[in-house]
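Residue-level listing of the chains:
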Amino acid sequence: EKFPLDRLFCAGIALSQQGSGVKFDKEKAKDFIMRAAMEGNECAAAECFLKGWELEDSAGIKDMEQCVKTLDDCSQRSHPHGIYRFAEVYSITMKDNRDSFKYYQASGYMRHLAGIVKTAVALLTGDGTEMDRDSAENWLVLADKYGVPNAGYMIGTMYYNPRLCNTSQEEGSVTMADDLILAATWFRRSAEKGHLRSMMMLGAILMAENQSEAVEEDDNEDPEADNLREQEGRYWTERAAHHGLCGAQYNLGVHFHFSGDTAKALYWLQKAADQGDTAATVNIASIKRESAVTLQEREEVLLIMP
């Protein structure tokens, strides 16, 4: 009601972003945003300029300076996407990440999803603000609540990657086992939303023998539980691999190799190698050498048998 022309513009933005709740459609997104711009939506006009989409009358925007001014006008009227885009352009033109962070954060407070994620990343990396891992996680939890697929992946990575996890190993602190449990939990949340890298990471944690105990809160050995965990890990890894994710294809190949299924191992490693994975190429050569040696040993045994 406050910004009637935003109906077209917001529809266009939604169509242009993966995981926004609607089917991704780049051409329709462009059409909606350009129509909004032609009808006078300043933020849409600036969006067109930033993406290099030419408008018949250019909506009065001819250069980056005017683009900044237009987005600044939008931000002054508390336009969420205007504030977010102004932060992006301000960072490029003014080279001032501290002020950019303030605008990203302002758009995040107005529930702009990309603004929420940008705020979290800035807090995580210290780009334009002080590093604050706990605040970054809070912003990402909010993004996950609003349905951003990669938010859970980012939280999972924070716990999985020790460089991003600043918790100590002192008595009473969060342990590495706790971190892996939390990482698996968040990767699973994103995997269930269709996030491929989360599927891969969850599969890697569940299938890794040296990490399997860390995923289970109960330290008691349970072969059946281990088997179910491995099956789930393979399920998520296969889903990501079938969608063409190179890392998942490599992980699956390695898993089948250690499981003794050479044919499947070579199949998935070749898929990864075809995408340029050098480790997969090395593994293929190694497996073929092993197979050749094994075959030769069998032939020698047959020769000496009476």
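The rules behind these values
Positions within a chain are numbered from 1, following the residues in the order the chain's sequence is written. Side-chain atom pairs in this predicted model are given and counted only at pLDDT of 80 or more, local residue features only at pLDDT of at least 70, and totals for whole chains, interfaces and linings cover all residues. For the side-chain quantities, the full set of heavy atoms in the structure was used; hydrogens and water were omitted. Secondary structure is summarised from DSSP: a helix means a run of H or I of at least four residues, a strand means a run of E of at least two, and numbering begins at the N terminus for each. Per-residue accessibility, obtained with a 1.4 Å probe over protein chains only, is compared with the maximum for each type, and a residue is labelled buried under 20%, exposed over 50%, and partly exposed between these values. Contact definition: two residues touch when any of their heavy atoms are within 4.5 Å. To measure how exposed things are, a 1.4 Å probe is used in the Shrake-Rupley method; for residues, cover is taken only from the protein chains shown. For every residue, the pLDDT score states the predictor's confidence, bounded by 0 at the bottom and 100 at the top. Geometry of aromatic contacts follows a simple scheme: Phe, Tyr and Trp rings, the Trp one being its six-membered ring, pair when their centres are within 6.5 Å, and the pair is stacked under 30 degrees between planes, edge-to-face over 60, tilted otherwise. Two conditions define a charge located above a ring, namely a distance within 6 Å from the ring centre to NZ of Lys or CZ of Arg, and an angle within 35 degrees of the ring normal. To qualify as a nonpolar core, a set must consist of buried Ala, Val, Leu, Ile, Met, Phe, Trp, Tyr and Cys residues joined through side-chain atoms within 4.5 Å. The angle between two axes is taken between their N-to-C directions and runs from 0 to 180 degrees, where each axis is a line fitted to C-alpha atoms and a helix contributes only its stretch in contact. Angular relationships are summarised with four words: roughly parallel below 35 degrees, roughly antiparallel beyond 145, roughly perpendicular across 65 to 115, and oblique for the angles in between. Should the near helix be turned counterclockwise from the far one by less than a right angle, the crossing is left-handed, whereas a clockwise turn marks it as right-handed. Residue polarity is assigned by list, with Asp, Glu, Lys and Arg as charged and Ala, Val, Leu, Ile, Met, Phe, Trp, Tyr, Cys and Pro as nonpolar; anything else, Gly included, falls into the polar class. Put simply, a salt bridge is a Lys or Arg side-chain nitrogen that is within 4 Å of an Asp or Glu carboxyl oxygen. Take the number of residues in a helix, subtract one, and multiply by 1.5 Å to get its expected span. Counted as a polar contact is a pair of N or O atoms within 3.5 Å, where, for protein atoms, one must be capable of donating a hydrogen and the other of accepting one, and residues adjacent in sequence contribute only when both atoms are in side chains.

### Structural notes on the overall build of the protein chain
Per the secondary structure count, the protein chain includes 16 helices and zero strands. Counting all 306 residues of the protein chain, 40% fall into the buried class. Considering only contacts in the protein chain between residues 6 or more positions apart, those separated by 24 or more positions represent 47%. Accessible area of the protein chain: about 17,500 Å², with a carbon and sulfur share of 51%.

### A look at the confidence of the model for the protein chain
Low pLDDT marks stretches whose predicted atomic positions should not be read closely. Chain-level statistics for the protein chain give a pLDDT mean of 76 and a share of 66% at 70 or above. Counted against residues more than four places away or in other chains, residues 165-174, with its pLDDT under 50, gives 14 contacts.

### Let's talk about the packing of aromatic side chains
Throughout the structure, instances matching the rule amount to six aromatic pairs. Judged by centre distance (6.3 Å) and plane angle (65°), the ring pair of Tyr160 and Phe187 falls under edge-to-face. Here Tyr160, found in helix H9 (residues 149-160), pairs with Phe187, found in helix H10 (residues 176-191); they are 27 residues apart in sequence, far enough to count as distant. The exposure class of Tyr160 is partly exposed, given its relative accessible area of 26%. You can call Phe187 buried: its relative accessible area is 0%. Every member of this aromatic cluster is reached through a ring pair, and the members are Tyr153, Tyr160 and Phe187. The ring of Tyr159 carries Arg133 above its face, with NZ or CZ at 4.8 Å from the centroid.

### What to know about unusual backbone geometry
At Arg111, a position not held by glycine, the phi torsion is positive, near 70°. Tracing the backbone shows Arg111 in the loop between helix H6 (97-109) and helix H7 (113-125). Among the residues examined, Arg111 registers a relative accessible area of 58% and is labelled exposed.

### Regarding the nonpolar core
Counting residues in hydrophobic clusters, the biggest one holds 46 residues, and the most contacted among them are Phe187 and Leu202. The residues contacting Phe187, other than those within four sequence positions of it, are Gly152, Tyr153, Gly156, Thr157, Tyr160, Ser198, Met201, Leu202 and Ile205.

### Some details on the packing of H6 against H7
Taken N-terminus to C-terminus, the directions of H6 and H7 make an angle of 135°; their axes are 7 Å apart at the nearest point. When the axes of H6 and H7 are compared, the pair comes out oblique. Crossing angle aside, the handedness with which H6 passes H7 is left-handed. Counting all contacts with H6, which are made through Phe101, Tyr104, Gln105, Ser107 and Gly108, the residues of H7 involved are Gly115, Ile116, Lys118, Thr119, Ala122 and Leu123. A per-class count over the contact of H6 with H7 returns five nonpolar, five polar and one charged.

### Let's talk about the pattern of salt bridges
A pair can form between side chains of opposite charge whenever their charged atoms are brought close. Counting across every chain of the model gives seven salt bridges. Residue Lys193 is joined to Asp144 by a salt bridge in which the shortest nitrogen-to-oxygen separation is 2.8 Å. In this pair, Lys193 sits in the loop between H10 and helix H11 (196-207) while Asp144 sits in helix H8 (residues 133-145), placing the two residues 49 residues apart along the sequence. Here Arg188 ties to Glu232 by a salt bridge, and the two come within 3.1 Å at their closest N and O atoms. Placement of Arg188 in helix H10 and of Glu232 in helix H13 (residues 223-242) is noted, with a sequence separation of 44 residues between them. Via salt bridges that share partners, Arg133, Asp134 and Glu137 belong to a single interconnected network.

### Comments concerning the environment of Glu232
Residue class for Glu232 comes out partly exposed when judged on its relative accessible area of 26%. In sequence terms Glu232 and Gly203 are 29 residues apart; their C-alpha atoms lie 7.2 Å from each other. Every residue in contact with Glu232, bar those within four places of it in the chain, is listed here: Arg188, Leu202 and Leu206.

### A word on H9
Structural remark: α-helix, 3.6 residues per turn; residues separated by three or four positions point the same way. Given a rise of 1.5 Å per residue, 12 residues ought to cover 16 Å, and the 18 Å separating the end C-alpha atoms of H9 matches this to within 8%. In terms of burial, H9 is largely enclosed, as nine of its 12 residues are buried. What H9 keeps buried is the set Pro149, Ala151, Gly152, Tyr153, Met154, Ile155, Gly156, Met158 and Tyr159.

### Description of the environment of Ser135
Following the sequence through the fold, Ser135 ends up in helix H8. Taking the C-alpha atoms as reference, Ser135 lies 7.4 Å from Ala120; in sequence the two are 15 residues apart. Side chain to side chain, Ser135 and Asp132 meet in a polar contact 2.8 Å long.

### Remarks on the side chain of Asp144
Taking the relative accessible area as the measure of exposure, Asp144 reaches 4% and is therefore buried. Among the polar contacts listed, one links the side chain of Asp144 to the side chain of Lys193, at a separation of 2.8 Å. Leaving out residues up to four positions away in the same chain, Asp144 has contacts with Ala151, Gly152, Trp186, Arg189 and Lys193.

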